[in-house]
Number of protein chains: 2
Amino acid sequence: MMNKNQSLLWDHPRFRSWIAVARACQLMQTVLTRELTELDIKPPHLDILINLYRFEGISQQELARKLLVGRSNMSMALPQMEKRGLIERRGDTKDKRVLRLYLTREGRSVTEKAMAIQTALIERTLSSEPLDQCMAMAESMERLIVTLQSEIREDSREPA
Amino acid sequence: MMNKNQSLLWDHPRFRSWIAVARACQLMQTVLTRELTELDIKPPHLDILINLYRFEGISQQELARKLLVGRSNMSMALPQMEKRGLIERRGDTKDKRVLRLYLTREGRSVTEKAMAIQTALIERTLSSEPLDQCMAMAESMERLIVTLQSEIREDSREPA
DNA sequence: CCAATAATGTTCAATGCTGAACAATAAAGT
DNA sequence: ACTTTATTGTTCAGCATTGAACATTATTGG
(Lines give C-alpha, C1' and ligand atoms only; values in the text may rest on other atoms or scores of the structure.)
Protein backbone atom coordinates (compact mmCIF):
# COMPACT_ATOMS: atom_id res chain seq x y z
CA MET A 1 0.00 0.00 0.00
CA MET A 2 2.25 2.77 1.21
CA ASN A 3 5.11 0.76 -0.18
CA LYS A 4 3.50 0.80 -3.56
CA ASN A 5 3.37 4.56 -3.61
CA GLN A 6 6.96 4.82 -2.53
CA SER A 7 8.25 2.41 -5.09
CA LEU A 8 6.11 3.95 -7.80
CA LEU A 9 7.91 7.23 -7.28
CA TRP A 10 11.44 6.16 -6.52
CA ASP A 11 11.81 3.49 -9.13
CA HIS A 12 11.40 5.97 -11.94
CA PRO A 13 14.88 6.10 -13.45
CA ARG A 14 14.39 9.58 -14.81
CA PHE A 15 13.33 10.84 -11.41
CA ARG A 16 16.41 9.39 -9.76
CA SER A 17 18.59 10.75 -12.54
CA TRP A 18 17.27 14.22 -12.08
CA ILE A 19 17.73 14.14 -8.32
CA ALA A 20 21.39 13.33 -8.96
CA VAL A 21 21.68 16.20 -11.43
CA ALA A 22 20.19 18.66 -8.96
CA ARG A 23 22.47 17.49 -6.17
CA ALA A 24 25.54 17.74 -8.34
CA CYS A 25 24.59 21.29 -9.26
CA GLN A 26 24.19 22.23 -5.64
CA LEU A 27 27.58 20.78 -4.73
CA MET A 28 29.28 22.40 -7.69
CA GLN A 29 27.85 25.73 -6.59
CA THR A 30 29.16 25.20 -3.06
CA VAL A 31 32.67 24.41 -4.22
CA LEU A 32 32.68 27.23 -6.75
CA THR A 33 31.62 29.66 -4.04
CA ARG A 34 34.59 28.61 -1.94
CA GLU A 35 37.08 28.85 -4.77
CA LEU A 36 35.85 32.32 -5.72
CA THR A 37 36.41 33.79 -2.27
CA GLU A 38 39.99 34.67 -3.17
CA LEU A 39 38.62 37.02 -5.84
CA ASP A 40 35.97 38.28 -3.40
CA ILE A 41 33.04 37.57 -5.69
CA LYS A 42 30.18 35.12 -5.52
CA PRO A 43 28.56 32.98 -8.23
CA PRO A 44 25.73 35.43 -8.94
CA HIS A 45 28.25 38.20 -9.61
CA LEU A 46 30.29 35.86 -11.75
CA ASP A 47 27.24 35.07 -13.86
CA ILE A 48 26.77 38.77 -14.44
CA LEU A 49 30.42 39.29 -15.31
CA ILE A 50 30.50 36.38 -17.74
CA ASN A 51 27.48 37.72 -19.57
CA LEU A 52 28.95 41.20 -19.80
CA TYR A 53 32.18 39.66 -21.05
CA ARG A 54 30.35 38.05 -23.93
CA PHE A 55 27.69 40.65 -24.58
CA GLU A 56 29.14 44.10 -24.00
CA GLY A 57 26.63 46.92 -23.97
CA ILE A 58 23.72 44.72 -22.98
CA SER A 59 20.88 46.38 -21.06
CA GLN A 60 19.85 45.51 -17.51
CA GLN A 61 16.61 44.01 -18.77
CA GLU A 62 18.34 41.75 -21.27
CA LEU A 63 20.85 40.71 -18.67
CA ALA A 64 18.12 39.81 -16.21
CA ARG A 65 16.40 37.71 -18.86
CA LYS A 66 19.60 35.83 -19.66
CA LEU A 67 20.20 35.14 -15.99
CA LEU A 68 16.58 34.16 -15.33
CA VAL A 69 16.24 36.62 -12.48
CA GLY A 70 13.99 39.61 -11.86
CA ARG A 71 14.80 43.13 -12.94
CA SER A 72 14.85 44.29 -9.35
CA ASN A 73 17.68 41.89 -8.71
CA MET A 74 19.84 43.72 -11.23
CA SER A 75 18.85 47.05 -9.77
CA MET A 76 20.28 45.93 -6.45
CA ALA A 77 23.38 44.05 -7.62
CA LEU A 78 24.71 46.26 -10.39
CA PRO A 79 25.22 49.46 -8.39
CA GLN A 80 27.29 47.44 -5.93
CA MET A 81 29.48 46.15 -8.71
CA GLU A 82 29.75 49.62 -10.13
CA LYS A 83 30.99 50.93 -6.78
CA ARG A 84 33.58 48.15 -6.73
CA GLY A 85 34.81 49.35 -10.09
CA LEU A 86 33.99 46.13 -11.93
CA ILE A 87 31.39 47.51 -14.31
CA GLU A 88 30.12 50.76 -15.73
CA ARG A 89 26.55 51.79 -16.52
CA ARG A 90 25.97 54.29 -19.32
CA GLY A 91 22.62 55.56 -20.47
CA ASP A 92 21.58 54.64 -23.99
CA THR A 93 21.70 57.67 -26.27
CA LYS A 94 18.53 56.80 -28.18
CA ASP A 95 16.35 55.37 -25.42
CA LYS A 96 16.69 57.29 -22.20
CA ARG A 97 15.12 54.48 -20.19
CA VAL A 98 17.80 51.87 -20.72
CA LEU A 99 21.17 51.61 -19.05
CA ARG A 100 23.85 49.78 -21.00
CA LEU A 101 26.46 47.77 -19.14
CA TYR A 102 30.19 47.56 -19.73
CA LEU A 103 33.10 45.89 -18.00
CA THR A 104 35.89 48.10 -16.72
CA ARG A 105 39.50 47.04 -17.23
CA GLU A 106 39.49 45.75 -13.66
CA GLY A 107 36.21 43.94 -14.24
CA ARG A 108 37.55 42.24 -17.33
CA SER A 109 40.61 41.09 -15.46
CA VAL A 110 38.57 39.70 -12.56
CA THR A 111 36.23 37.97 -14.99
CA GLU A 112 39.08 36.23 -16.75
CA LYS A 113 40.55 35.02 -13.49
CA ALA A 114 37.17 33.83 -12.25
CA MET A 115 36.36 32.02 -15.50
CA ALA A 116 39.74 30.32 -15.29
CA ILE A 117 38.88 29.12 -11.79
CA GLN A 118 35.47 27.88 -12.85
CA THR A 119 36.78 26.17 -15.96
CA ALA A 120 39.51 24.47 -13.96
CA LEU A 121 36.98 23.24 -11.42
CA ILE A 122 34.72 21.81 -14.11
CA GLU A 123 37.58 20.22 -16.01
CA ARG A 124 38.92 18.69 -12.83
CA THR A 125 35.65 17.24 -11.61
CA LEU A 126 34.39 16.10 -15.01
CA SER A 127 37.71 14.80 -16.29
CA SER A 128 36.79 11.20 -15.50
CA GLU A 129 33.73 11.37 -17.76
CA PRO A 130 34.45 10.63 -21.42
CA LEU A 131 34.10 13.56 -23.75
CA ASP A 132 31.35 12.06 -25.88
CA GLN A 133 29.36 11.36 -22.74
CA CYS A 134 29.71 15.04 -21.78
CA MET A 135 28.59 16.10 -25.25
CA ALA A 136 25.58 13.81 -25.14
CA MET A 137 24.66 15.20 -21.77
CA ALA A 138 24.96 18.74 -23.06
CA GLU A 139 22.62 17.93 -25.94
CA SER A 140 20.07 16.40 -23.61
CA MET A 141 20.24 19.43 -21.38
CA GLU A 142 19.84 21.83 -24.25
CA ARG A 143 16.72 20.02 -25.40
CA LEU A 144 15.48 20.13 -21.84
CA ILE A 145 16.14 23.87 -21.66
CA VAL A 146 14.08 24.47 -24.78
CA THR A 147 11.20 22.39 -23.42
CA LEU A 148 11.20 24.12 -20.06
CA GLN A 149 11.47 27.59 -21.52
CA SER A 150 8.51 27.03 -23.78
CA GLU A 151 6.57 25.74 -20.79
CA ILE A 152 7.42 28.87 -18.85
CA ARG A 153 6.28 31.10 -21.72
CA GLU A 154 3.00 29.23 -22.01
CA ASP A 155 2.35 29.72 -18.33
CA SER A 156 2.97 33.44 -18.47
CA ARG A 157 0.76 33.80 -21.52
CA GLU A 158 -2.20 31.96 -20.03
CA PRO A 159 -2.64 33.35 -16.55
CA ALA A 160 -6.14 31.83 -16.46
CA MET B 1 44.70 38.13 -27.99
CA MET B 2 41.47 38.75 -26.20
CA ASN B 3 39.92 36.39 -28.70
CA LYS B 4 42.36 33.72 -27.70
CA ASN B 5 41.34 33.98 -24.07
CA GLN B 6 37.71 33.86 -24.97
CA SER B 7 38.00 30.83 -27.20
CA LEU B 8 40.26 29.10 -24.70
CA LEU B 9 37.49 29.22 -22.15
CA TRP B 10 34.41 28.74 -24.27
CA ASP B 11 35.65 25.96 -26.48
CA HIS B 12 35.98 23.60 -23.56
CA PRO B 13 33.22 21.09 -24.20
CA ARG B 14 32.94 20.16 -20.54
CA PHE B 15 32.57 23.80 -19.57
CA ARG B 16 29.76 24.31 -22.05
CA SER B 17 28.13 21.09 -20.95
CA TRP B 18 28.12 22.14 -17.37
CA ILE B 19 26.69 25.55 -18.15
CA ALA B 20 23.78 23.76 -19.83
CA VAL B 21 23.31 21.51 -16.82
CA ALA B 22 23.20 24.46 -14.44
CA ARG B 23 20.73 26.33 -16.62
CA ALA B 24 18.46 23.31 -16.92
CA CYS B 25 18.47 22.96 -13.14
CA GLN B 26 17.53 26.58 -12.71
CA LEU B 27 14.64 26.30 -15.16
CA MET B 28 13.42 23.07 -13.65
CA GLN B 29 13.39 24.74 -10.26
CA THR B 30 11.39 27.64 -11.65
CA VAL B 31 8.76 25.40 -13.20
CA LEU B 32 8.58 23.17 -10.15
CA THR B 33 8.02 26.22 -7.96
CA ARG B 34 5.07 27.21 -10.12
CA GLU B 35 3.53 23.76 -10.13
CA LEU B 36 3.84 23.45 -6.37
CA THR B 37 1.91 26.64 -5.65
CA GLU B 38 -1.37 24.72 -5.66
CA LEU B 39 -0.09 22.77 -2.65
CA ASP B 40 1.26 25.99 -1.11
CA ILE B 41 4.77 24.66 -0.63
CA LYS B 42 8.08 25.58 -2.20
CA PRO B 43 10.98 23.39 -3.36
CA PRO B 44 12.99 23.76 -0.13
CA HIS B 45 10.03 22.51 1.89
CA LEU B 46 9.49 19.68 -0.56
CA ASP B 47 13.11 18.60 -0.15
CA ILE B 48 12.55 18.43 3.58
CA LEU B 49 9.32 16.48 3.20
CA ILE B 50 10.83 13.97 0.79
CA ASN B 51 13.67 13.26 3.20
CA LEU B 52 11.30 12.82 6.12
CA TYR B 53 9.20 10.52 3.95
CA ARG B 54 12.17 8.26 3.37
CA PHE B 55 13.97 8.64 6.68
CA GLU B 56 11.44 8.95 9.47
CA GLY B 57 12.85 9.93 12.83
CA ILE B 58 15.89 11.68 11.39
CA SER B 59 17.41 14.48 13.46
CA GLN B 60 17.62 18.12 12.38
CA GLN B 61 21.35 17.86 12.04
CA GLU B 62 21.20 14.79 9.81
CA LEU B 63 18.51 16.40 7.71
CA ALA B 64 20.58 19.54 7.23
CA ARG B 65 23.53 17.42 6.13
CA LYS B 66 21.42 15.55 3.59
CA LEU B 67 20.06 18.79 2.19
CA LEU B 68 23.47 20.49 2.16
CA VAL B 69 22.21 23.45 4.14
CA GLY B 70 23.17 24.95 7.49
CA ARG B 71 21.62 23.87 10.77
CA SER B 72 20.24 27.35 11.30
CA ASN B 73 18.24 26.89 8.14
CA MET B 74 16.42 23.94 9.69
CA SER B 75 15.87 25.86 12.91
CA MET B 76 14.00 28.47 10.90
CA ALA B 77 12.09 26.26 8.47
CA LEU B 78 10.98 23.36 10.64
CA PRO B 79 8.97 25.31 13.24
CA GLN B 80 7.02 26.86 10.37
CA MET B 81 6.21 23.46 8.96
CA GLU B 82 5.31 22.24 12.42
CA LYS B 83 2.84 25.11 12.80
CA ARG B 84 1.33 24.18 9.45
CA GLY B 85 0.79 20.68 10.77
CA LEU B 86 3.02 18.99 8.22
CA ILE B 87 5.63 17.63 10.60
CA GLU B 88 6.18 16.90 14.25
CA ARG B 89 9.33 17.32 16.36
CA ARG B 90 9.89 15.02 19.30
CA GLY B 91 12.86 15.07 21.63
CA ASP B 92 15.08 12.00 21.56
CA THR B 93 14.72 10.00 24.77
CA LYS B 94 18.39 9.14 25.11
CA ASP B 95 20.02 12.34 23.92
CA LYS B 96 18.20 15.40 25.16
CA ARG B 97 19.91 17.63 22.60
CA VAL B 98 18.44 16.11 19.48
CA LEU B 99 14.98 16.61 18.04
CA ARG B 100 13.66 13.79 15.88
CA LEU B 101 11.38 14.62 12.97
CA TYR B 102 8.22 12.87 11.81
CA LEU B 103 5.61 13.51 9.15
CA THR B 104 2.04 13.99 10.30
CA ARG B 105 -0.76 12.29 8.39
CA GLU B 106 -1.37 15.61 6.64
CA GLY B 107 2.33 15.99 5.89
CA ARG B 108 2.50 12.52 4.38
CA SER B 109 -0.46 13.28 2.16
CA VAL B 110 1.01 16.58 0.95
CA THR B 111 4.35 14.90 0.33
CA GLU B 112 2.80 12.23 -1.84
CA LYS B 113 0.91 14.79 -3.89
CA ALA B 114 4.01 16.96 -4.28
CA MET B 115 6.18 14.02 -5.28
CA ALA B 116 3.61 13.05 -7.87
CA ILE B 117 3.76 16.57 -9.30
CA GLN B 118 7.54 16.56 -9.37
CA THR B 119 7.75 13.10 -10.89
CA ALA B 120 5.24 14.04 -13.56
CA LEU B 121 7.21 17.15 -14.40
CA ILE B 122 10.46 15.24 -14.72
CA GLU B 123 8.89 12.42 -16.73
CA ARG B 124 7.26 14.93 -19.04
CA THR B 125 10.35 17.03 -19.71
CA LEU B 126 12.80 14.13 -19.89
CA SER B 127 10.55 11.81 -21.86
CA SER B 128 12.28 12.60 -25.15
CA GLU B 129 15.63 11.43 -23.78
CA PRO B 130 16.24 7.70 -24.13
CA LEU B 131 16.29 5.78 -20.89
CA ASP B 132 19.84 4.54 -21.22
CA GLN B 133 20.98 8.07 -21.81
CA CYS B 134 19.27 9.09 -18.56
CA MET B 135 20.91 6.23 -16.72
CA ALA B 136 24.33 7.11 -18.08
CA MET B 137 23.79 10.70 -17.01
CA ALA B 138 22.78 9.60 -13.54
CA GLU B 139 25.94 7.54 -13.22
CA SER B 140 28.10 10.46 -14.32
CA MET B 141 26.36 12.71 -11.83
CA GLU B 142 26.79 10.27 -9.00
CA ARG B 143 30.51 10.03 -9.68
CA LEU B 144 30.61 13.80 -9.76
CA ILE B 145 28.81 14.01 -6.43
CA VAL B 146 31.36 11.72 -4.81
CA THR B 147 34.23 13.78 -6.20
CA LEU B 148 32.77 17.06 -5.07
CA GLN B 149 31.85 15.82 -1.63
CA SER B 150 35.35 14.54 -0.98
CA GLU B 151 36.68 17.90 -2.13
CA ILE B 152 34.40 19.68 0.31
CA ARG B 153 35.53 17.44 3.16
CA GLU B 154 39.18 18.06 2.35
CA ASP B 155 38.60 21.79 2.42
CA SER B 156 36.94 21.71 5.80
CA ARG B 157 39.71 19.52 7.23
CA GLU B 158 42.54 21.72 6.03
CA PRO B 159 41.53 25.27 6.86
CA ALA B 160 45.15 26.36 6.29
C1' DC C 1 -0.87 66.67 -31.24
C1' DC C 2 -2.69 64.13 -27.13
C1' DA C 3 -4.25 60.21 -24.46
C1' DA C 4 -3.56 55.40 -23.60
C1' DT C 5 -0.48 51.61 -23.39
C1' DA C 6 3.98 49.49 -22.94
C1' DA C 7 8.79 49.15 -21.52
C1' DT C 8 12.75 50.14 -18.40
C1' DG C 9 14.68 50.74 -14.18
C1' DT C 10 14.03 51.70 -8.99
C1' DT C 11 12.26 51.05 -4.36
C1' DC C 12 10.38 48.43 -0.70
C1' DA C 13 8.58 44.74 2.30
C1' DA C 14 8.78 39.82 2.68
C1' DT C 15 11.22 35.43 2.42
C1' DG C 16 15.13 32.23 2.50
C1' DC C 17 19.85 31.15 3.40
C1' DT C 18 24.34 31.79 5.78
C1' DG C 19 27.89 32.04 9.36
C1' DA C 20 28.96 33.37 13.89
C1' DA C 21 27.89 33.55 18.64
C1' DC C 22 25.31 31.32 22.10
C1' DA C 23 22.90 27.76 25.62
C1' DA C 24 22.12 23.16 26.82
C1' DT C 25 23.65 18.54 26.84
C1' DA C 26 26.90 14.66 26.01
C1' DA C 27 31.44 12.57 25.66
C1' DA C 28 36.28 12.41 26.59
C1' DG C 29 40.43 13.26 29.18
C1' DT C 30 42.44 13.80 33.61
C1' DA D 1 34.36 13.15 40.14
C1' DC D 2 35.48 17.18 37.29
C1' DT D 3 37.22 19.92 33.72
C1' DT D 4 37.50 20.24 28.82
C1' DT D 5 35.92 19.45 24.39
C1' DA D 6 32.33 18.30 21.06
C1' DT D 7 27.59 18.15 19.48
C1' DT D 8 22.85 19.84 18.85
C1' DG D 9 19.74 23.23 18.23
C1' DT D 10 18.59 28.42 18.49
C1' DT D 11 19.11 33.30 17.62
C1' DC D 12 20.62 37.11 15.09
C1' DA D 13 22.51 40.36 11.66
C1' DG D 14 23.72 40.38 6.86
C1' DC D 15 22.94 39.42 2.13
C1' DA D 16 20.36 37.73 -2.14
C1' DT D 17 16.09 37.21 -4.43
C1' DT D 18 11.32 38.09 -5.39
C1' DG D 19 6.99 40.44 -6.69
C1' DA D 20 4.34 44.50 -6.44
C1' DA D 21 3.95 49.37 -6.76
C1' DC D 22 5.99 53.26 -8.72
C1' DA D 23 8.40 57.07 -11.87
C1' DT D 24 10.27 57.99 -16.22
C1' DT D 25 10.44 57.54 -21.04
C1' DA D 26 8.72 55.33 -25.72
C1' DT D 27 5.31 53.84 -28.61
C1' DT D 28 0.79 53.45 -30.38
C1' DG D 29 -3.91 54.93 -31.69
C1' DG D 30 -7.14 58.41 -32.15
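Residues numbered from 1 in each chain as written. Chains lettered and ligands numbered in written order. Predicted model: local features only at pLDDT ≥ 70, side-chain atom pairs only at ≥ 80, totals over all residues. Heavy atoms only, no water.

A. Region of the structure containing the protein's contact with DNA strand D. Neighbouring DNA strand D are 22 residues, the closest being Lys-96 of chain A together with Gln-61, Arg-71, Ser-75 and Arg-97 of chain B. Near the protein, meaning within 4 Å, the atoms of DNA strand D are sugar or phosphate in a fraction of 59%, with bases accounting for the rest. The side chain of Arg-97 of chain A places a nitrogen or oxygen atom 3.3 Å from a sugar or linking oxygen of DNA strand D. Between Arg-71 of chain B and DNA strand D, the recorded distance is 2.9 Å, taken from a side-chain N or O atom to a base nitrogen. Contributing elements (two or more residues each) for the surface near DNA strand D: helix H5 (71–83) of chain A together with helix H4 (60–67) and helix H5 (71–83) of chain B. For the surface near DNA strand D, the residue count by class is 6 nonpolar, 9 polar and 7 charged. (Near = heavy atom within 4 Å. Polar contact = N/O pair within 3.5 Å; in protein donor to acceptor, adjacent residues only side chain to side chain. Helix = DSSP H or I, 4+ residues; strand = E, 2+ residues; numbered from the N terminus. Nonpolar A, V, L, I, M, F, W, Y, C, P; charged D, E, K, R; others polar.)

B. Structural view of the relation of the copies chain A and chain B. Rotating chain A by 180 degrees about the axis while translating it 0.0 Å along that axis superimposes it on chain B, leaving an RMSD of 0.0 Å. Look at the turn and shift together and you get a two-fold axis relating the two. If distances are taken from each C-alpha of chain A to the rotation axis, the shortest is found for Met-137 of chain A, at 3.3 Å. By residue overlap, the copies meet face to face through one surface: 100% of the interface positions of chain A are interface positions in chain B. (Least-squares fit on C-alpha atoms with pLDDT ≥ 70 in both. Contact = heavy atoms within 4.5 Å.)

C. Region of the structure containing the packing of aromatic side chains. All names here are of chain B. Evaluated as defined, the whole model comprises 0 aromatic pairs over all chains. Cation over ring: Lys-66 sits above Phe-55, and NZ or CZ is 4.2 Å from the ring centre. Sitting above the plane of the Tyr-102 ring, Arg-90 keeps its charged end 3.9 Å from the centroid. (Phe/Tyr/Trp six-rings, centres within 6.5 Å; stacked < 30°, edge-to-face > 60°. Lys NZ or Arg CZ within 6 Å of the ring centre and 35° of its normal.)

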